[in-house]
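Single-letter residue listing:
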Amino acid sequence: MNKNLGGDPNELLSRAIIVQAAKDYRHALGILQKNPSSRSALYSKREIETFFRSNWYQTLTEVDGEFLITKLQEEFK
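Within each chain, residues carry numbers counting from 1 in the order of the written sequence. For this predicted model, a pLDDT threshold of at least 70 governs which residues receive local features, and a threshold of 80 or more governs which side-chain atom pairs are given and counted, while totals over whole chains, interfaces and linings are taken from all residues. Hydrogens and water molecules were not included; the side-chain quantities draw on all heavy atoms of the structure.

### Re the packing of helix 1 (residues 9–34) against helix 4 (residues 65–74)
- Interhelical geometry of helix 1 versus helix 4 gives an angle of 45° and a closest axis separation of 10 Å. Compared by their axis directions, helix 1 and helix 4 come out oblique. You can see that helix 1 and helix 4 cross each other, and the crossing is right-handed. Across from Ile 18, Ala 22, Tyr 25, Arg 26 and Leu 29 in helix 1, the residues of helix 4 making contact are Leu 68, Ile 69, Leu 72 and Gln 73.
- When its residues are assigned to classes, the contact of helix 1 with helix 4 shows seven nonpolar, one polar and one charged. To obtain an axis, a line is fitted to C-alpha atoms, over the contacting stretch when the element is a helix, and the angle between two such axes runs from 0 to 180 degrees between their N-to-C directions. Every helix listed is a DSSP run of H or I at least four residues long, and every strand listed is a run of E at least two residues long, numbered separately from the N terminus. Each angle gets one of four labels, with under 35 degrees taken as roughly parallel, over 145 as roughly antiparallel, 65 to 115 as roughly perpendicular, and the rest as oblique. Should the near helix be turned counterclockwise from the far one by less than a right angle, the crossing is left-handed, whereas a clockwise turn marks it as right-handed. By definition, residues are in contact when any of their heavy atoms lie within 4.5 Å. By the convention adopted, Pro, Cys, Tyr, Trp, Phe, Met, Ile, Leu, Val and Ala count as nonpolar, Lys, Arg, Asp and Glu as charged, and the other residues, Gly among them, as polar.

### Quick word on the nonpolar core
- Take the buried residues of types Ala, Val, Leu, Ile, Met, Phe, Trp, Tyr and Cys, join any two whose side-chain atoms come within 4.5 Å, and each joined set is a nonpolar core. For the exposure calls, accessible area comes from a 1.4 Å probe over protein chains only, and a residue counts as buried if that area is under 20% of its type's maximum, exposed if over 50%, partly exposed in between. Grouped together as the largest cluster of nonpolar side chains are 13 residues, with contacts concentrated most on Tyr 25, Phe 51, Phe 52, Tyr 57, Leu 68 and Leu 72.
- Every element with two or more residues in this core is listed here: helix 1, helix 2 (39–52), helix 3 (55–60) and helix 4.
- The element contributing the most residues to this core is helix 1, with five residues.
- Among residues more than four places away in sequence, those in contact with Leu 68 are Ile 18, Phe 52 and Tyr 57.

### What to know about the pattern of salt bridges
- The salt bridge definition used is simple: a Lys or Arg side-chain nitrogen within 4 Å of an Asp or Glu carboxyl oxygen. The final tally for this structure, using the stated rule, is six salt bridges.
- Here Lys 45 makes a salt bridge to Glu 49, at a shortest N to O gap of 2.9 Å. Taken together, the residues Lys 45 and Glu 49, both in helix 2 and four residues apart, mark about one turn of the helix. You'll find Lys 45 and Glu 49 in the same group, each marked buried.
- Notably, a salt bridge pairs Glu 66 with Arg 53, separated by 2.3 Å at the nearest N-O pair. Taken together, the positions of Glu 66 in helix 4 and Arg 53 in the loop between helix 2 and helix 3 put the pair 13 residues apart, joining distant regions of the chain.
- Its relative accessible area of 37% is what places Glu 66 among the partly exposed residues.
- Linked by salt bridges that have partners in common, Lys 45, Glu 49, Arg 53 and Glu 66 make up one network.

Here is the structure:
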């Protein structure tokens, strides 16, 4: 099945990676809000923050990783 999604495939993949990371980060924050001692959620949170601060992330987007982390955390305040 060949669907034309429009746009540059590399850009679409970059966006999908970042969107999934943001979803995973929200999920980890939600778990930590209910169970602050969850080791798996804490590990996920730290790993995703490392990704948002990485050179690879900067290659995928111009959105500042620290800005994104802050905005996602504000959703849980």
